[in-house]
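# A closer look at the structure
So the chains spell out like this:
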Amino acid sequence: MNLRLAFLVSGIGYLLIFISGFYANFAILETMVVPSNGEMTVANFLKDRSELGWGVLGFLAMLFFDIILVFSLFFVTKKVSQKLSFVASGFRLLHAICFGIALMCLVEVYRITGYSVGLNMQSLQNLVMSLLQRFDEIWNMGLLFFGAHLAFLGYLSIKSDLIPKGLGYMLLLAAIGYLMSCSAKLVMPNYNDYEQGLELLVVLFGITGELSFTVWLLMKGLKKVQ
């Protein structure tokens, strides 16, 4: 893969991750899941099961493009350090694997809400909420790997002669946001008290840094690499 193509594929892949991820997570899943209320959550799934299916497909698309980025971003940064680029790609691959495992929990939710023979409503609610919790926990672990990926990507960007150093520092801030939020979720018993602030940190640093990097990749990929 030549460098210009790597920029373009990475930029398009990142953009499609934003679109599919925001759609699946915020437009579908978060509007249907009511934390600590299995009855209402299951009612939403049963009422709009097709919407849940579209959410699953959105997450599958996000996973697909994330795997594409494992390889394309390697070509973007390998000139700086092939070894560190392998490490960065490895962490992103670990994130993709974790998310793929987590996604199987959501696929199971979709399956059992359409074919729940032998389950009474209370059992169905308990199973669905358990699967959703596992989905969240496994994805959270994957995001720790993703934060590590962004840390290496940010460092490689700072050292690159092609990538603006400001983008590298923004990616490092994004890494800090992910690592702080996900670590806190794992170890803090009172995480809910700080959840909004930590999620805002992820949005402020993570989305800003990654979206800026996406725009730069697209611009670089659409013109001749100097």
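Refer to the structure above for everything that follows.
These figures come from a predicted structure and were not determined experimentally.

## A few points about the packing of aromatic side chains
Here the structure, examined in full by the defined rule, presents 18 aromatic pairs. With a centroid separation of 5.2 Å and an interplanar angle of 80 degrees, the aromatic rings of Phe7 and Trp216 are classed as edge-to-face. Remark: Trp216 occurs in helix H7 (residues 191–221) and Phe7 occurs in helix H1 (residues 3–32); sequence separation between them is 209 residues. The pair formed by Phe7 and Trp216 is uniform in burial state, with each residue classed as buried. Aromatic rings pair up to connect Phe7, Tyr14, Phe18, Phe22, Phe26, Phe213 and Trp216 into one cluster. The ring of Tyr110 carries the charged tip of Arg49 above its face, separated from the ring centre by 3.8 Å.

## Points about the pattern of salt bridges
This model, assessed by the stated rule, comprises three salt bridges. Glu108 serves as the salt-bridge partner of Arg111, at 2.7 Å between the closest nitrogen and oxygen. On the criterion of helical spacing, the pair formed by Arg111 and Glu108 is a turn pair, its members being three residues apart in helix H4 (residues 82–112). The salt bridge partner of Asp136 is Lys185, with a shortest N-O separation of 2.8 Å. Of this pair, Asp136 sits in helix H5 (residues 121–159) while Lys185 is found in helix H6 (residues 165–187), placing the two residues 49 residues apart along the sequence. Looking at Asp136, the relative accessible area reads 32%, which means it is partly exposed.

## Details of a nonpolar patch on the surface
On the surface, a cluster of nonpolar side chains totalling about 310 Å² of accessible area is made up of Ile12, Leu15, Leu16 and Ile19. Within the fold, Ile19 resides in helix H1.

## Comments concerning the layout of surface pockets
Approximately 1,700 Å³ is the volume attributed to the largest pocket. Surrounding the largest pocket, 41 residues form its lining, Asn25, Glu30, Asp136, Lys185 and Glu199 being those nearest its centre. Elements with a contribution of two residues or more to the lining of the largest pocket: H1, helix H3 (49–77), H4, H5, H6 and H7. No other element matches the 10 residues that H5 contributes to the lining of the largest pocket. Grouping the constituent residues of the lining of the largest pocket by class yields 24 nonpolar, eight polar and nine charged. A volume near 160 Å³ is recorded for the second largest pocket. Along the walls of the second largest pocket sit Leu3, Phe7, Phe75, Val76, Lys79, Val80, Lys159, Ser160, Asp161, Leu162 and Ile163, which together make up its complete lining. Listing elements by their share of the lining of the second largest pocket, those giving two or more residues are H1 and H3.

## Quick notes on the nonpolar core
Residues Tyr14, Phe59, Phe135, Leu150 and Phe213 are the most contacted members of the largest nonpolar core, which totals 48 residues. Within the residue set of this core, elements represented by two or more residues are H1, helix H2 (38–47), H3, H4, H5, H6 and H7.

Reading the values: the criteria
- Residues numbered from 1 in each chain as written.
- Predicted model: local features only at pLDDT ≥ 70, side-chain atom pairs only at ≥ 80, totals over all residues.
- Heavy atoms only, no water.
- Phe/Tyr/Trp six-rings, centres within 6.5 Å; stacked < 30°, edge-to-face > 60°.
- Helix = DSSP H or I, 4+ residues; strand = E, 2+ residues; numbered from the N terminus.
- Buried < 20%, exposed > 50% of the residue type's maximum accessible area, 1.4 Å probe, protein only.
- Lys NZ or Arg CZ within 6 Å of the ring centre and 35° of its normal.
- Salt bridge = Lys/Arg side-chain N within 4 Å of Asp/Glu carboxyl O.
- Patch = residues over 30% accessible without salt bridge, like charges linked within 9 Å, V, L, I, M, F, W, Y side chains within 5 Å.
- Areas by Shrake-Rupley, 256 points an atom, 1.4 Å probe, with all protein chains shown as cover.
- 1 Å grid on protein atoms, 1.4 Å probe; cavity = no way out; pocket = protein on both sides within 12 Å on 5 of 7 lines; lining within 4 Å.
- Points joined across faces, edges and corners; volume = space filled by probe spheres on them.
- Nonpolar A, V, L, I, M, F, W, Y, C, P; charged D, E, K, R; others polar.
- Core = buried A, V, L, I, M, F, W, Y, C linked by side-chain atoms within 4.5 Å.

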